[in-house]
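Architecture at a glance
Residues per chain, in single letters:
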Amino acid sequence: MSKDQQDRLSYAILQHFQDLISSKAVSGDAAESMAVAVQCLTEALGVDVADASQSAKLKVDQPLQEIFDKAFPPRPTKKVATKDEEAKANGLKDEGNELMKQNKYEEAIEKYTEAIEVVPVATYYCNRAAAYSKLTQHEEAVKDAKDALALDSGYSKAYARMGFAYLNMNKLPEAEDAYSNALRLDPSNQSYKDNLEAVKEKINAGPNVMSQAPPGGMPPMPGGFPNLGGMDFSQILNNPAFMNMAQQFMNDPNMQQAFTQMADQFMQGGGVGGNIGPNGIPENLDINAMMSNPALRSMAENFEAQNPEMMDQLRQQFRQPGDDNDAPNP
């Protein structure tokens, strides 16, 4: 920070203290002590709010309190609403929920915002957080989850929303803390247990992304193989049953086309320079669409018959942590 910026900040702080005294926000002994503090700081910093020449040079356009309030808006507080207000807000929330089901997330956010403006309710903030996460606006989702908790500190789902957002921001310690709090409030919730475990596994796994071909296995895909939540992908590629089955299917022209389409989708979904989801899978990679291909589906069914445990592992890894918490609250 330059000397000029330091002086401008010092001026703003001193002016804030002076405004508190002038407005009688503090009084009596507190006001006297603050006046002494302003005097001492004026001498120590060499900045004087009473000096006209310094004011012309250092005064900022907005009071410090306004700057702070804009950067850190106050948390919502509970409002005593009339029955009409409650009914109106609840109707707007229901409209938002319907829009969420139609994947119209921006419109849903508008409805939840309108509901909040009528009556600030934790559920409305939590639902809006879900919509923000759908739009990958995870910082906004965290803010809404925190606002929901300001209104209801025992709201476990708000912590879960926060955990999901932090996870997508790759803020793993914060995600772990949020999911831990969700589970503390709702110890029997299996989803919270699974998501917390997934976050812990990701923390323990570290940034382990394979970019080299396993010995005797398939060549590396562009951008490297996904981490799959810490699972070693080489165990699949080196599995004799899998490789034998893959070789058989690759002799089928339909299968060759299926793998070409899968590789193209991986590239488009984030394999090279794209966005990688919290489980190491490209965000836009549509697994369901891939598995609708008859050849791939047949290969998966045969592999599952021979390797049920490994197939179950794959299903767990491809499931996004928090997926089962995406539905808005009724």
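Source: prediction; values computed, not measured.

Reading guide: rules and limits
- Residues numbered from 1 in each chain as written.
- Predicted model: local features only at pLDDT ≥ 70, side-chain atom pairs only at ≥ 80, totals over all residues.
- Heavy atoms only, no water.
- Helix = DSSP H or I, 4+ residues; strand = E, 2+ residues; numbered from the N terminus.
- Buried < 20%, exposed > 50% of the residue type's maximum accessible area, 1.4 Å probe, protein only.
- Contact = heavy atoms within 4.5 Å.
- Areas by Shrake-Rupley, 256 points an atom, 1.4 Å probe, with all protein chains shown as cover.
- Polar contact = N/O pair within 3.5 Å; in protein donor to acceptor, adjacent residues only side chain to side chain.
- Core = buried A, V, L, I, M, F, W, Y, C linked by side-chain atoms within 4.5 Å.
- Expected span 1.5 Å × (residues − 1).
- Salt bridge = Lys/Arg side-chain N within 4 Å of Asp/Glu carboxyl O.
- Patch = residues over 30% accessible without salt bridge, like charges linked within 9 Å, V, L, I, M, F, W, Y side chains within 5 Å.
- pLDDT = per-residue confidence, 0-100.
- Axes fitted to C-alpha atoms, helices over the stretch in contact; angles between N-to-C directions.
- Parallel < 35°, antiparallel > 145°, perpendicular 65-115°, else oblique.
- Left-handed = near helix turned anticlockwise from the far one by under 90°.
- Nonpolar A, V, L, I, M, F, W, Y, C, P; charged D, E, K, R; others polar.

**Notes on the overall build of the chain**
A count of helical and extended segments in the chain gives 17 helices and zero strands. Out of the 330 residues in the chain, the part that is buried amounts to 40%. Nonlocal contacts in the chain, meaning residues at least 24 apart in sequence, comprise 60% of its contacts between residues at least 6 apart. In the form shown here, the chain has an accessible surface area of approximately 18,600 Å², with 51% of it arising from carbon and sulfur atoms.

**Considerations on the side chain of K93**
Among the structural elements, K93 can be located in helix α5 (residues 83-101). In terms of polar contacts, K93 uses its side chain to reach the side chain of N90, at 3.3 Å.

**Concerning the nonpolar core**
If you look at the biggest cluster of nonpolar residues, it comprises 45 residues, and the most contacted ones within it are M100, Y155 and M162. Contributions of two or more residues to this core are made by α5, α6 (105-118), α7 (122-134), α8 (138-151), α9 (156-168), α10 (172-185) and α11 (190-205). Beyond its immediate chain neighbours, meaning those up to four positions away, Y155 contacts A122, T123, C126, A148, L149, L185 and N329. Y11, L14, V47 and L58 belong to the second largest nonpolar core, which has six residues in total.

**Remarks on helix α1 (residues 3-22)**
Relative to the 28 Å expected for 20 residues at 1.5 Å per residue, α1 spans 28 Å between its end C-alpha atoms, a close match to the ideal helical length. Regarding α1, the residues found buried are D7, S10, Y11, A12, L14, H16 and I21. Where the residues of α1 are buried, they touch α2 (28-45), α3 (52-58) and α4 (64-71). Following α1 by one or two positions, K24 has its phi on the positive side, about 60 degrees.

**Remarks on the pattern of salt bridges**
Inspection of every chain in the model, using the stated rule, returns six salt bridges. The salt bridge partner of E98 is K101, with a shortest N-O separation of 3.3 Å. In this pair, E98 and K101 are both assigned in helix α5, three residues apart and thus about one turn of the helix distant. Relative accessible area serves as the criterion here: at 41%, E98 is assigned to the partly exposed category. The exposed category is assigned to K101, whose relative accessible area is 61%. With its nearest N and O atoms 2.6 Å apart, the salt bridge here joins R128 to D144. One end of the pair, R128, is in helix α7; the other, D144, is in helix α8, and 16 residues separate them in sequence. The residues R128 and D144 share a single accessibility class, namely buried.

**Some remarks on a nonpolar patch on the surface**
A surface patch of nonpolar side chains, amounting to about 300 Å² of accessible area, comprises M1, L9 and I13. Of note, I13 is situated in helix α1.

**Thoughts on α11**
Structurally, the α-helix is built with 3.6 residues per turn, so residues lying three or four positions apart point the same way. Across its 16 residues, α11 extends 22 Å between first and last C-alpha, which sits within 8% of the 22 Å expected from 1.5 Å per residue. Next to the buried residues of α11 lie α9 and α10. N-capping of α11 is provided by N189, with a side-chain oxygen placed 3.0 Å from the backbone N of S191. The first or second residue beyond α11 is G206, which carries a positive phi of 75 degrees.

**Things to note about the confidence of the model for the chain**
In the predicted model, the chain carries a mean pLDDT of 77, and 63% of its residues have values of at least 70. Segment residues 209-233: pLDDT under 50, and 54 contacts once partners within four positions in sequence are set aside and those in other chains are kept. Across residues 269-276, confidence stays below pLDDT 50; counting only partners more than four residues off in sequence or on other chains, it has 20 contacts.

**Describing the packing of α6 against α7**
Two measures define how a pair of helices packs: the angle their axes make with one another and the distance between the axes. Taken N-terminus to C-terminus, the directions of α6 and α7 make an angle of 160 degrees; their axes are 9 Å apart at the nearest point. Compared by their axis directions, α6 and α7 come out roughly antiparallel. For the pair α6 and α7, the crossing hand works out as left-handed. Residue-level contacts link Y105, I109, Y112, T113, A115 and I116 of α6 to Y124, Y125, N127, R128, A131, Y132 and K134 of α7. Among the residues forming the contact of α6 with α7, the class breakdown is nine nonpolar, two polar and two charged.

**What about the environment of M169?**
Locating M169 in the fold gives a position in the loop between α9 and α10. Excluding residues that lie within four positions of it along the chain, M169 makes contacts with H138, E139 and V142.

**Considering the packing of α7 against α8**
Between α7 and α8, whose axes approach to 8 Å, the crossing angle comes to 170 degrees. Viewed along their axes, α7 and α8 adopt a mutual orientation that is roughly antiparallel. Considering only the axes of α7 and α8, their crossing is left-handed. In this structure, α7 uses A122, Y125, C126, R128, A129, Y132 and S133 to contact α8, whose residues at the interface are H138, E140, A141, D144, A145, D147, A148 and L151. Classifying every residue of the contact of α7 with α8 gives nine nonpolar, two polar and four charged.

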